[in-house]
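# Structural features, examined
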Amino acid sequence: MRLRRVVIDSNLYIDWLNARQHEAVLFQRDAVKYLSALVLMELRAGALVARDRRLVDRMTTPFARAGRILLPTARVYEDAGAVLARLHTAYGYNPAGVAALVNDVLIALSARSIGAAVITQNGRDFRAIRRVRPFTLEVIE
């Protein structure tokens with residue numbers, strides 16, 4: 001049996017770090033989990049005190065050791081530009097003013113590039129991205 005690949009969005013990790021929510025998603029055994037470098041950046045940006053930085057270190061070290069930190073390729077960045085332009089023209093998104101949208105597009109396209117599903121609570125933005133560039137999406141309500 002081939003395990004499915006998943007990339008988990010920042011919001012689920014943040015909920016787990018703060019309140020131990022979503023353990024079933026984060027620790028599922030039927031998937032190979034990858035950590036997006038963008039999610040890592042977002043987690044580091046929110047780790048403002050030493051305790052939080054240590055938690056992020058403990059959470060991310062296994063991904064680094066396993067070689068499962070997912071970096072966007074040049075092709076992903078190029079495609080992201082096209083997706084952001086389409087989101088702007090077709091759906092009114094303004095990517096110049098919304099860094100989080102840029103990150104979400106890069107997360108989605110990086111996951112797509114390795115055949116992984118994105119798991120998130122941010123259904124609105126990721127569904128809009130999927131309308132422009134199909135990828136596997138699981139939204140946790």
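Everything below is about the structure printed above this text.
The rules behind these values
Residues numbered from 1 in each chain as written. Predicted model: local features only at pLDDT ≥ 70, side-chain atom pairs only at ≥ 80, totals over all residues. Heavy atoms only, no water. Helix = DSSP H or I, 4+ residues; strand = E, 2+ residues; numbered from the N terminus. Rg over C-alpha atoms; globule rule 2.2 N^0.38 Å. Buried < 20%, exposed > 50% of the residue type's maximum accessible area, 1.4 Å probe, protein only. Contact = heavy atoms within 4.5 Å. Lys, Arg positive; Asp, Glu negative; His and termini not counted. Charge placed at Lys NZ, Arg CZ, Asp CG, Glu CD. Axes fitted to C-alpha atoms, helices over the stretch in contact; angles between N-to-C directions. Parallel < 35°, antiparallel > 145°, perpendicular 65-115°, else oblique. Left-handed = near helix turned anticlockwise from the far one by under 90°. Pairing = 2+ DSSP bridges. Patch = residues over 30% accessible without salt bridge, like charges linked within 9 Å, V, L, I, M, F, W, Y side chains within 5 Å. Areas by Shrake-Rupley, 256 points an atom, 1.4 Å probe, with all protein chains shown as cover. Salt bridge = Lys/Arg side-chain N within 4 Å of Asp/Glu carboxyl O. Phe/Tyr/Trp six-rings, centres within 6.5 Å; stacked < 30°, edge-to-face > 60°. Lys NZ or Arg CZ within 6 Å of the ring centre and 35° of its normal.

### Side note on the overall build of the protein chain
- Helices and strands together make up the secondary structure of the protein chain, namely seven helices and five strands.
- Reading the secondary structure of the protein chain in the N-to-C direction produces β-α-α-β-α-α-β-α-α-β-α-β.
- In summary, the protein chain has a C-alpha radius of gyration of 15 Å against a globular reference of 14 Å for 141 residues, a match within 12%.
- Projected onto the principal axes, the alpha-carbon positions of the protein chain cover approximately 40 × 40 × 30 Å.
- Taking all 141 residues of the protein chain together, 45% fall into the buried category.
- Sequence separation of at least 24 residues holds for 63% of the intrachain contacts in the protein chain that already meet a minimum separation of 6.
- Looking at charge distribution, the protein chain has the averaged site of its 21 positive side-chain charges lying 4 Å from that of its 13 negative ones.

### What to know about the packing of helix 5 (residues 74-91) against helix 6 (residues 99-113)
- As a packed pair, helix 5 and helix 6 sit with axes 9 Å apart at the nearest point and diverge in direction by 130°. In terms of their interaxial angle, helix 5 and helix 6 are classed as oblique. Judged by the sense of rotation from one axis to the other, the crossing of helix 5 with helix 6 is right-handed. Taken together, the residues of helix 6 that come into contact with helix 5 (itself represented by Val76, Tyr77, Asp79, Ala80, Val83, Leu84 and Leu87) are Leu101, Val102, Val105, Leu106, Leu109, Ser110, Arg112 and Ser113.

### Some remarks on the sheet that holds strand 3 (residues 69-70)
- As summarised here, the arrangement of the five strands in space is 3-2-1-4-5, forming an open sheet in which the pairing is parallel. If you trace the sheet from one side to the other, it starts and ends with strand 3 and strand 5 (137-139), each paired once.
- As paired elements, strand 1 (residues 4-8) and strand 4 (residues 117-120) share three bridges and run parallel to each other. Note that in strand 4 the partner of isoleucine 8 across the bridge is isoleucine 119.

### Remarks on a positive patch on the surface
- Positive charge collects at one region of the surface, where Arg20, Arg53, Arg54 and Arg58 lie side by side.
- Residue position: arginine 58 is located in helix 4 (residues 50-66).

### Examining the packing of aromatic side chains
- As enumerated under the stated definition, the model contains two aromatic pairs in all.
- Each ring, one from tryptophan 16 and one from phenylalanine 27, has its centre 5.5 Å from the other, and the planes form 70°; the classification is edge-to-face. On the criterion of sequence distance, the pair formed by tryptophan 16 in helix 1 (residues 10-19) and phenylalanine 27 in the loop between helix 2 (23-26) and strand 2 (31-36) is long-range, its members being eleven residues apart.
- You can call tryptophan 16 buried: its relative accessible area is 15%.
- For the ring pair phenylalanine 126 and phenylalanine 135, a centre distance of 6.4 Å and an interplane angle of 70° mean the geometry is edge-to-face.
- Phenylalanine 135 sits in the buried class, given a relative accessible area of 9%.
- Lying across the ring of tryptophan 16, arginine 20 places its NZ or CZ 4.3 Å from the centre.

The analysis is restricted to geometry; functional conclusions fall outside its scope.
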